[in-house]
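Results of the structural survey
Here is what each chain is made of, one letter per residue.
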Amino acid sequence: VGHCHPDVVKAAHEQNQVLNTNSRYLHDNLVDYAERLSKTLPEKLSIFYFLNSGSEANDLALRLARQYTKHEDVIVLDHAYHGHLTSLIDISPYKFRNLEGQKEWVHVAPVPDTYRGLYREDHEDSVTAYADEVKNIIEHAHKRDRKIAAFFVESLPSVGGQIIPPAGYFQKVAEHVHKAGGVFIADEIQVGFGRVGKHFWAFQLQGEDFIPDIVTMGKPIGNGHPLACVATTKEIAEAFAATGVEYFNTCGGNPVSCAIGLAVLDVIEKEHLQAHATEVGNFLMKILKEQQIKHPIIGDVRGCGLFIGVDLIK
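Cut-offs applied
Residues numbered from 1 in each chain as written. Predicted model: local features only at pLDDT ≥ 70, side-chain atom pairs only at ≥ 80, totals over all residues. Heavy atoms only, no water. 1 Å grid on protein atoms, 1.4 Å probe; cavity = no way out; pocket = protein on both sides within 12 Å on 5 of 7 lines; lining within 4 Å. Points joined across faces, edges and corners; volume = space filled by probe spheres on them. Helix = DSSP H or I, 4+ residues; strand = E, 2+ residues; numbered from the N terminus. Nonpolar A, V, L, I, M, F, W, Y, C, P; charged D, E, K, R; others polar. Buried < 20%, exposed > 50% of the residue type's maximum accessible area, 1.4 Å probe, protein only. Arc of directions from axis to C-beta. Contact = heavy atoms within 4.5 Å. Pairing = 2+ DSSP bridges. Axes fitted to C-alpha atoms, helices over the stretch in contact; angles between N-to-C directions. Right-handed = clockwise from strand over helix to strand, strands pointing away. Domains from an automatic or database assignment. Buried area = accessible area lost by both parts, 1.4 Å probe. Salt bridge = Lys/Arg side-chain N within 4 Å of Asp/Glu carboxyl O. Polar contact = N/O pair within 3.5 Å; in protein donor to acceptor, adjacent residues only side chain to side chain.

**Here's the deal with the layout of surface pockets**
A volume near 470 Å³ is recorded for the largest pocket. The wall of the largest pocket is formed by 21 residues, among which Ser23, Leu30, Phe48, Tyr49 and Tyr247 lie closest to the centre. At the level of secondary structure, the elements contributing two or more residues to the lining of the largest pocket comprise α2 (28-38), β1 (47-51) and α8 (234-241). The element contributing the most residues to the lining of the largest pocket is β1, with four residues. A per-class count over the lining of the largest pocket returns 15 nonpolar, four polar and two charged. Its volume calculated, the second largest pocket comes out at about 370 Å³.

**Examining α8**
The set of residues buried in α8 consists of Ile236, Ala237, Ala239 and Phe240. All buried residues of α8 fall inside an arc of 160 degrees around its axis, so they share one side. On its buried face, α8 is in contact with β1, α3 (54-69), β5 (183-187), β6 (214-217) and β7 (228-232).

**Overview of the sheet that holds β1**
The seven strands lie next to each other as β1-β7-β6-β5-β4-β2-β3, forming an open sheet whose pairing is mixed. A single partner strand is all that each edge strand has here, and the edge strands are β1 and β3 (106-109). This sheet shows a mean twist of 20 degrees between the axes of neighbouring strands, independent of strand direction.

**Thoughts on the pairing of β5**
Burial analysis of β5 places five of its five residues in the buried class, which makes it a mostly covered element. Burial along β5 is two-sided: Val183, Ile185 and Asp187 facing one way and Phe184 and Ala186 facing the other are all buried. The pairing of strand β4 (residues 148-154) with β5 spans five bridges and is parallel. Its bridge partner being in β5, Phe152 is matched across the sheet by Ile185. For the segment spanning β4, helix α7 (residues 169-179) and β5, crossover handedness is right-handed.

**Some details on the side chain of His176**
On the secondary structure map, His176 appears in helix α7. By relative accessible area, which is 17% here, His176 ends up buried. When neighbours within four sequence positions are excluded, His176 is seen to be in contact with Ala131, Asp132, Lys135 and Ile138.

**Focus: the domain arrangement of the protein chain**
For the protein chain, the assigned domains read domain 1 (6-271) and domain 2 (273-313). One C-alpha centre belongs to domain 1, the other to domain 2; they are set 26 Å apart. Between domain 1 and domain 2, the residue contacts involve 21 residues of the former and 17 residues of the latter. Buried surface at the junction of domain 1 and domain 2, both sides included, amounts to about 1,600 Å², of which 57% is carbon and sulfur. Looking at the side of domain 1 facing domain 2, the largest losses of area belong to Tyr115, Gln162 and Arg195, adding up to 36% of the total buried there. Salt-bridge contacts for Asp311 lead to Arg116; the nearest nitrogen and oxygen are separated by 2.6 Å. If you look at where domain 1 meets domain 2, you find twelve residue pairs in polar contact (both at pLDDT 80 or more). Along the lines of polarity and charge, the residues of the side of domain 1 that touches domain 2 split into eleven nonpolar, six polar and four charged.

Below, the structure written as C-alpha coordinates:
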(Lines give C-alpha, C1' and ligand atoms only; values in the text may rest on other atoms or scores of the structure.)
Protein backbone atom coordinates (compact mmCIF):
# COMPACT_ATOMS: atom_id res chain seq x y z
CA VAL A 1 0.00 0.00 0.00
CA GLY A 2 3.03 2.30 -0.25
CA HIS A 3 5.57 3.48 2.32
CA CYS A 4 4.16 5.18 5.45
CA HIS A 5 0.58 5.19 4.19
CA PRO A 6 -1.20 7.80 6.36
CA ASP A 7 -4.13 5.48 7.19
CA VAL A 8 -1.75 2.74 8.37
CA VAL A 9 0.39 5.19 10.36
CA LYS A 10 -2.74 6.66 11.99
CA ALA A 11 -4.11 3.23 12.97
CA ALA A 12 -0.77 2.27 14.57
CA HIS A 13 -0.46 5.59 16.41
CA GLU A 14 -4.00 5.54 17.78
CA GLN A 15 -3.76 1.97 19.07
CA ASN A 16 -0.26 2.57 20.47
CA GLN A 17 -1.69 5.38 22.61
CA VAL A 18 -4.28 3.10 24.18
CA LEU A 19 -3.05 -0.44 24.75
CA ASN A 20 -0.64 -3.07 23.51
CA THR A 21 -0.72 -6.55 25.04
CA ASN A 22 0.27 -10.06 24.00
CA SER A 23 -2.16 -12.43 22.32
CA ARG A 24 -3.09 -14.23 25.56
CA TYR A 25 -5.22 -11.22 26.44
CA LEU A 26 -8.63 -10.81 24.85
CA HIS A 27 -8.99 -7.82 22.56
CA ASP A 28 -11.53 -6.90 19.89
CA ASN A 29 -8.85 -6.09 17.31
CA LEU A 30 -7.73 -9.74 17.15
CA VAL A 31 -11.26 -10.99 16.54
CA ASP A 32 -12.15 -8.17 14.13
CA TYR A 33 -9.02 -8.78 12.12
CA ALA A 34 -9.49 -12.55 11.98
CA GLU A 35 -13.08 -11.98 10.79
CA ARG A 36 -11.95 -9.58 8.07
CA LEU A 37 -9.25 -11.97 6.84
CA SER A 38 -11.68 -14.89 6.86
CA LYS A 39 -13.88 -13.05 4.35
CA THR A 40 -11.06 -13.16 1.80
CA LEU A 41 -10.53 -16.94 2.16
CA PRO A 42 -12.54 -20.11 1.49
CA GLU A 43 -14.91 -20.85 4.37
CA LYS A 44 -13.08 -23.93 5.68
CA LEU A 45 -9.94 -21.87 6.45
CA SER A 46 -11.49 -20.44 9.60
CA ILE A 47 -8.84 -20.60 12.34
CA PHE A 48 -6.12 -17.94 12.55
CA TYR A 49 -2.81 -17.75 14.39
CA PHE A 50 -1.07 -14.36 14.43
CA LEU A 51 2.72 -14.07 14.50
CA ASN A 52 5.55 -11.64 13.79
CA SER A 53 7.07 -12.84 10.52
CA GLY A 54 6.67 -15.06 7.50
CA SER A 55 9.36 -17.35 8.85
CA GLU A 56 7.42 -17.77 12.10
CA ALA A 57 4.27 -18.48 10.11
CA ASN A 58 5.93 -21.18 8.00
CA ASP A 59 7.51 -22.78 11.05
CA LEU A 60 4.11 -22.94 12.76
CA ALA A 61 2.54 -24.38 9.58
CA LEU A 62 5.13 -27.16 9.70
CA ARG A 63 4.27 -27.88 13.36
CA LEU A 64 0.54 -27.93 12.60
CA ALA A 65 1.02 -30.34 9.69
CA ARG A 66 3.16 -32.71 11.72
CA GLN A 67 0.86 -32.69 14.71
CA TYR A 68 -2.22 -33.29 12.58
CA THR A 69 -0.78 -36.02 10.34
CA LYS A 70 1.60 -37.59 12.89
CA HIS A 71 4.05 -37.80 9.95
CA GLU A 72 7.41 -36.06 9.56
CA ASP A 73 8.43 -35.77 5.90
CA VAL A 74 7.94 -32.70 3.72
CA ILE A 75 7.89 -32.34 -0.07
CA VAL A 76 9.10 -29.00 -1.46
CA LEU A 77 9.86 -27.62 -4.88
CA ASP A 78 13.40 -27.23 -6.15
CA HIS A 79 14.95 -23.75 -5.63
CA ALA A 80 12.29 -22.96 -2.98
CA TYR A 81 12.86 -20.55 -0.12
CA HIS A 82 10.50 -20.58 2.88
CA GLY A 83 12.32 -18.60 5.56
CA HIS A 84 15.39 -18.17 7.75
CA LEU A 85 14.64 -20.37 10.77
CA THR A 86 16.56 -23.66 11.04
CA SER A 87 13.38 -25.65 10.31
CA LEU A 88 12.80 -23.61 7.14
CA ILE A 89 16.37 -23.63 5.87
CA ASP A 90 15.90 -27.42 5.98
CA ILE A 91 12.97 -27.17 3.53
CA SER A 92 14.55 -24.50 1.31
CA PRO A 93 16.74 -26.06 -1.43
CA TYR A 94 17.76 -22.50 -2.34
CA LYS A 95 19.56 -22.36 1.04
CA PHE A 96 20.37 -25.89 2.19
CA ARG A 97 22.31 -26.78 -0.97
CA ASN A 98 24.91 -24.20 0.12
CA LEU A 99 24.83 -25.26 3.77
CA GLU A 100 24.39 -28.68 5.36
CA GLY A 101 22.60 -30.34 2.45
CA GLN A 102 19.33 -32.21 2.26
CA LYS A 103 17.87 -33.88 5.34
CA GLU A 104 16.45 -37.38 4.96
CA TRP A 105 12.92 -36.16 5.76
CA VAL A 106 12.96 -33.62 2.93
CA HIS A 107 11.98 -34.52 -0.64
CA VAL A 108 12.52 -32.16 -3.57
CA ALA A 109 10.10 -32.11 -6.52
CA PRO A 110 10.85 -30.38 -9.84
CA VAL A 111 9.46 -26.87 -10.27
CA PRO A 112 6.37 -26.90 -12.51
CA ASP A 113 8.10 -24.56 -14.94
CA THR A 114 6.80 -24.91 -18.49
CA TYR A 115 9.55 -22.68 -19.90
CA ARG A 116 12.80 -24.12 -18.51
CA GLY A 117 11.56 -27.16 -16.61
CA LEU A 118 11.40 -30.90 -17.26
CA TYR A 119 8.05 -30.66 -19.07
CA ARG A 120 7.59 -27.63 -21.25
CA GLU A 121 4.86 -25.87 -23.22
CA ASP A 122 5.08 -28.43 -26.02
CA HIS A 123 4.40 -31.33 -23.63
CA GLU A 124 1.00 -32.97 -24.16
CA ASP A 125 0.07 -32.80 -20.46
CA SER A 126 2.62 -30.96 -18.34
CA VAL A 127 0.17 -30.68 -15.41
CA THR A 128 -0.13 -34.45 -14.96
CA ALA A 129 3.57 -35.00 -15.71
CA TYR A 130 4.66 -32.57 -12.95
CA ALA A 131 2.05 -33.93 -10.49
CA ASP A 132 3.25 -37.48 -11.23
CA GLU A 133 6.75 -36.43 -10.14
CA VAL A 134 5.25 -35.72 -6.69
CA LYS A 135 3.37 -39.02 -6.77
CA ASN A 136 6.65 -40.86 -7.54
CA ILE A 137 8.37 -39.10 -4.62
CA ILE A 138 5.58 -40.25 -2.28
CA GLU A 139 5.81 -43.85 -3.53
CA HIS A 140 9.58 -43.86 -3.17
CA ALA A 141 9.30 -42.42 0.38
CA HIS A 142 6.76 -45.10 1.35
CA LYS A 143 9.14 -47.83 0.18
CA ARG A 144 11.63 -46.46 2.72
CA ASP A 145 8.95 -46.42 5.46
CA ARG A 146 8.78 -42.64 5.46
CA LYS A 147 5.47 -40.80 5.74
CA ILE A 148 4.50 -37.47 4.21
CA ALA A 149 3.31 -34.70 6.53
CA ALA A 150 3.02 -31.93 3.95
CA PHE A 151 3.56 -30.61 0.47
CA PHE A 152 4.91 -27.12 1.18
CA VAL A 153 4.81 -24.70 -1.74
CA GLU A 154 4.69 -21.03 -2.61
CA SER A 155 1.50 -20.47 -4.58
CA LEU A 156 3.77 -18.82 -7.17
CA PRO A 157 7.44 -19.76 -6.70
CA SER A 158 9.25 -16.42 -6.41
CA VAL A 159 12.90 -17.01 -5.45
CA GLY A 160 12.68 -20.04 -7.77
CA GLY A 161 12.23 -17.72 -10.76
CA GLN A 162 8.76 -16.08 -10.76
CA ILE A 163 7.10 -19.31 -11.91
CA ILE A 164 3.41 -19.55 -12.77
CA PRO A 165 2.41 -23.22 -12.17
CA PRO A 166 -0.02 -24.51 -14.81
CA ALA A 167 -3.67 -24.47 -13.67
CA GLY A 168 -4.77 -27.79 -12.22
CA TYR A 169 -1.31 -28.72 -10.92
CA PHE A 170 -2.18 -28.04 -7.26
CA GLN A 171 -5.39 -30.05 -7.46
CA LYS A 172 -3.58 -33.13 -8.78
CA VAL A 173 -0.74 -32.78 -6.26
CA ALA A 174 -3.21 -32.30 -3.39
CA GLU A 175 -4.92 -35.52 -4.42
CA HIS A 176 -1.65 -37.48 -4.16
CA VAL A 177 -0.64 -35.76 -0.91
CA HIS A 178 -4.02 -36.27 0.79
CA LYS A 179 -4.03 -39.92 -0.26
CA ALA A 180 -0.66 -40.26 1.51
CA GLY A 181 -2.14 -38.72 4.68
CA GLY A 182 -0.40 -35.36 4.21
CA VAL A 183 -1.64 -31.78 4.02
CA PHE A 184 -1.19 -29.04 1.42
CA ILE A 185 0.45 -25.83 2.66
CA ALA A 186 0.26 -22.72 0.45
CA ASP A 187 2.90 -20.11 1.25
CA GLU A 188 1.37 -16.74 0.27
CA ILE A 189 4.02 -14.64 2.03
CA GLN A 190 5.35 -12.98 -1.14
CA VAL A 191 2.35 -13.32 -3.42
CA GLY A 192 -0.81 -12.80 -1.35
CA PHE A 193 -2.99 -9.77 -0.61
CA GLY A 194 -4.06 -8.94 -4.15
CA ARG A 195 -0.63 -8.81 -5.74
CA VAL A 196 -1.73 -11.12 -8.56
CA GLY A 197 -4.63 -8.76 -9.34
CA LYS A 198 -7.23 -11.23 -10.57
CA HIS A 199 -7.55 -12.77 -7.11
CA PHE A 200 -6.79 -11.85 -3.52
CA TRP A 201 -4.72 -15.03 -3.06
CA ALA A 202 -2.38 -16.53 -5.65
CA PHE A 203 -3.56 -20.10 -4.95
CA GLN A 204 -6.95 -19.03 -6.37
CA LEU A 205 -5.34 -18.85 -9.82
CA GLN A 206 -5.49 -22.66 -9.79
CA GLY A 207 -9.30 -22.61 -9.84
CA GLU A 208 -12.23 -22.45 -7.44
CA ASP A 209 -12.08 -26.17 -6.75
CA PHE A 210 -8.70 -25.86 -5.02
CA ILE A 211 -8.43 -25.08 -1.30
CA PRO A 212 -5.17 -25.56 0.64
CA ASP A 213 -5.26 -27.05 4.15
CA ILE A 214 -3.00 -24.33 5.56
CA VAL A 215 -2.18 -20.85 4.21
CA THR A 216 0.70 -18.72 5.49
CA MET A 217 0.92 -14.93 5.17
CA GLY A 218 3.55 -12.27 5.82
CA LYS A 219 5.35 -9.33 4.12
CA PRO A 220 2.49 -7.18 2.66
CA ILE A 221 0.10 -8.14 5.50
CA GLY A 222 1.38 -5.32 7.73
CA ASN A 223 2.94 -3.03 5.11
CA GLY A 224 6.37 -3.31 6.74
CA HIS A 225 5.13 -3.80 10.29
CA PRO A 226 6.09 -7.21 11.77
CA LEU A 227 2.89 -9.16 11.30
CA ALA A 228 2.17 -12.62 9.91
CA CYS A 229 -0.60 -15.19 10.00
CA VAL A 230 -1.37 -18.87 9.58
CA ALA A 231 -4.91 -19.77 8.47
CA THR A 232 -6.09 -23.35 8.71
CA THR A 233 -9.06 -25.66 9.20
CA LYS A 234 -10.84 -26.45 12.44
CA GLU A 235 -9.71 -30.11 12.28
CA ILE A 236 -6.03 -29.22 12.01
CA ALA A 237 -6.28 -26.58 14.76
CA GLU A 238 -8.06 -29.01 17.08
CA ALA A 239 -5.36 -31.66 16.60
CA PHE A 240 -2.77 -29.00 17.45
CA ALA A 241 -4.68 -27.84 20.57
CA ALA A 242 -5.13 -31.45 21.73
CA THR A 243 -1.46 -31.56 22.77
CA GLY A 244 -2.32 -29.23 25.66
CA VAL A 245 0.66 -27.07 24.68
CA GLU A 246 -1.11 -23.83 23.89
CA TYR A 247 0.20 -21.51 21.21
CA PHE A 248 0.79 -17.89 22.16
CA ASN A 249 3.10 -15.19 20.91
CA THR A 250 4.34 -12.25 22.97
CA CYS A 251 4.19 -9.70 20.15
CA GLY A 252 2.41 -11.61 17.36
CA GLY A 253 -1.18 -10.48 16.89
CA ASN A 254 -1.05 -7.73 19.49
CA PRO A 255 -3.75 -5.01 19.27
CA VAL A 256 -1.38 -2.59 17.45
CA SER A 257 -0.42 -5.19 14.84
CA CYS A 258 -4.06 -6.10 14.27
CA ALA A 259 -5.03 -2.42 13.95
CA ILE A 260 -2.35 -2.09 11.29
CA GLY A 261 -3.52 -5.28 9.55
CA LEU A 262 -7.08 -3.94 9.45
CA ALA A 263 -5.88 -0.58 8.07
CA VAL A 264 -3.93 -2.35 5.30
CA LEU A 265 -7.06 -4.30 4.27
CA ASP A 266 -9.03 -1.02 4.30
CA VAL A 267 -6.51 0.67 2.01
CA ILE A 268 -6.39 -2.28 -0.42
CA GLU A 269 -10.19 -2.10 -0.65
CA LYS A 270 -10.64 1.67 -0.63
CA GLU A 271 -7.93 2.38 -3.21
CA HIS A 272 -8.87 -0.60 -5.42
CA LEU A 273 -5.30 -1.88 -5.26
CA GLN A 274 -6.20 -5.34 -6.56
CA ALA A 275 -7.63 -3.83 -9.77
CA HIS A 276 -4.61 -1.50 -9.85
CA ALA A 277 -2.24 -4.51 -9.73
CA THR A 278 -4.09 -6.03 -12.69
CA GLU A 279 -4.00 -2.82 -14.69
CA VAL A 280 -0.37 -1.89 -14.05
CA GLY A 281 0.70 -5.54 -14.41
CA ASN A 282 -1.02 -5.84 -17.80
CA PHE A 283 0.63 -2.61 -18.95
CA LEU A 284 4.06 -3.79 -17.78
CA MET A 285 3.62 -7.22 -19.43
CA LYS A 286 2.59 -5.52 -22.68
CA ILE A 287 5.68 -3.31 -22.88
CA LEU A 288 7.98 -6.15 -21.79
CA LYS A 289 6.56 -8.35 -24.54
CA GLU A 290 7.24 -5.55 -27.02
CA GLN A 291 10.87 -5.57 -25.82
CA GLN A 292 10.96 -9.36 -26.19
CA ILE A 293 10.31 -9.03 -29.93
CA LYS A 294 13.25 -6.62 -30.26
CA HIS A 295 15.77 -8.41 -28.03
CA PRO A 296 16.68 -12.10 -28.50
CA ILE A 297 18.17 -12.13 -24.96
CA ILE A 298 14.59 -12.04 -23.56
CA GLY A 299 13.51 -15.66 -23.67
CA ASP A 300 10.28 -15.46 -21.68
CA VAL A 301 8.03 -12.87 -20.11
CA ARG A 302 5.56 -14.31 -17.61
CA GLY A 303 3.47 -13.10 -14.75
CA CYS A 304 0.18 -12.21 -13.21
CA GLY A 305 -0.69 -8.80 -11.79
CA LEU A 306 2.42 -7.32 -10.18
CA PHE A 307 4.26 -10.64 -10.02
CA ILE A 308 6.35 -10.66 -13.19
CA GLY A 309 9.44 -12.52 -14.39
CA VAL A 310 11.67 -11.78 -17.35
CA ASP A 311 13.82 -14.78 -18.27
CA LEU A 312 17.12 -13.80 -19.91
CA ILE A 313 18.82 -16.40 -22.11
CA LYS A 314 21.99 -16.84 -24.12
